[in-house]
Amino acid sequence: MAEASSIIRITTALIMNLKGDVLLVRKAGTTAFMQAGGKLDSGETPRQALARELKEELSLEVEPDIFDYLGSFSAPAANEPGWSVEAECFYLLCPNVDSPEAEIEEVLWVDPFSLPEIELAPLTRDYILPLARKRRQSCPAPH
């Protein structure tokens with residue numbers, strides 16, 4: 001079990017478009033792609049923090065109650081060696097993302113069954129993409 005001081009609590013989203021592709025982001029100065037999201041500010045619920053983070057990082061304006069809850073997951077932090085993330089994860093169907101903002105340097109839409117050769121954050125690789133594959137198999141995207 002990780003020590004309390006080595007845990008980063010975050011909120012994040014599996015964002016899929018109408019084709020069933022998954023949105024991944026890469027923060028400036030890092031190499032791993034992951035989901036948009038981030039740390040909760042004092043007094044915020046995970047849904048409120050996610051809505052704020054999506055506005056800051058991707059210029060997406062969404063109401064906190066629109067997210068479908070997927071679960072809580074723990075994985076090694078991608079950019080902080082020795083730390084773990086505990087993530088409250090949500091789902092959002094989003095047809096488009098305008099552009100990366102704030103600390104986001106790159107956004108990518110990927111097919112969860114046919115990933116490009118990129119480095120993935122452990123949370124993304126081990127939890128989010130398997131959820132995306134399962135969701136896509138149960139609700140195939142229109143062609």
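Values in this document were obtained by computation on a predicted structure and should not be read as measured data.

Caption draft 1: Focus on the overall build of the chain. Within the chain, the regular secondary structure consists of two helices and six strands. Reading the chain from its N terminus to its C terminus gives the helix and strand order β-β-β-α-β-β-β-α. Compactness check: the chain gives a C-alpha radius of gyration of 14 Å against a globular reference of 15 Å for 143 residues, within 12% of the reference. Along the first, second and third principal axes, the C-alpha atoms of the chain reach 45 × 30 × 30 Å.

Caption draft 2: Here's a closer look at the layout of surface pockets. In this structure, the largest pocket spans a volume of roughly 360 Å³. Those elements that provide at least two residues to the lining of the largest pocket are β1 (7-16), β3 (37-39), α1 (46-58) and α2 (122-138). It is β1 that contributes the most residues to the lining of the largest pocket, four residues altogether.

Caption draft 3: Fine view of the packing of aromatic side chains. Applying the stated criterion across every chain, the model contains three aromatic pairs. Here Phe67 and Phe90 contribute two aromatic rings whose centre-to-centre distance is 6.0 Å and whose plane-to-plane angle is 50°, an arrangement assigned as tilted. Of this pair, Phe67 sits in the loop between α1 and β4 (68-76) while Phe90 sits in strand β5 (residues 84-93), placing them 23 residues apart in sequence. Through a chain of ring-to-ring contacts, three or more aromatic side chains come together here, namely Phe67, Tyr69 and Phe90. Geometry around Tyr91 places Arg135 over its ring, the cationic atom sitting 3.6 Å from the centre.

Caption draft 4: Spatial organisation of α2. Between its terminal C-alpha atoms α2 stretches 24 Å, which fits the 24 Å expected from 17 residues at 1.5 Å a residue. Ile128 marks where α2 bends most, by close to 35°; the proline Pro130 follows one to four residues later. Within the span of α2, buried status applies to Pro122, Leu123, Thr124, Ile128, Leu129, Ala132 and Arg136. Looking at the packing, one finds that the buried side of α2 touches β1, β2 (22-27), β4 and β5.

Caption draft 5: Main features of the side chain of Arg52. Tracing the sequence through the fold places Arg52 in helix α1. A relative accessible area of 19% means that Arg52 is categorised as buried. At 3.2 Å, the side chain of Arg52 forms a polar contact with the side chain of Glu53. Setting aside chain neighbours within four positions, we find Arg52 in contact with Lys39, Leu40, Asp41 and Glu44.

Cut-off values and rules
- Residues numbered from 1 in each chain as written.
- Predicted model: local features only at pLDDT ≥ 70, side-chain atom pairs only at ≥ 80, totals over all residues.
- Heavy atoms only, no water.
- Helix = DSSP H or I, 4+ residues; strand = E, 2+ residues; numbered from the N terminus.
- Rg over C-alpha atoms; globule rule 2.2 N^0.38 Å.
- 1 Å grid on protein atoms, 1.4 Å probe; cavity = no way out; pocket = protein on both sides within 12 Å on 5 of 7 lines; lining within 4 Å.
- Points joined across faces, edges and corners; volume = space filled by probe spheres on them.
- Phe/Tyr/Trp six-rings, centres within 6.5 Å; stacked < 30°, edge-to-face > 60°.
- Lys NZ or Arg CZ within 6 Å of the ring centre and 35° of its normal.
- Expected span 1.5 Å × (residues − 1).
- Bend = angle between axes of the 7 residues up to and from the residue.
- Buried < 20%, exposed > 50% of the residue type's maximum accessible area, 1.4 Å probe, protein only.
- Contact = heavy atoms within 4.5 Å.
- Polar contact = N/O pair within 3.5 Å; in protein donor to acceptor, adjacent residues only side chain to side chain.

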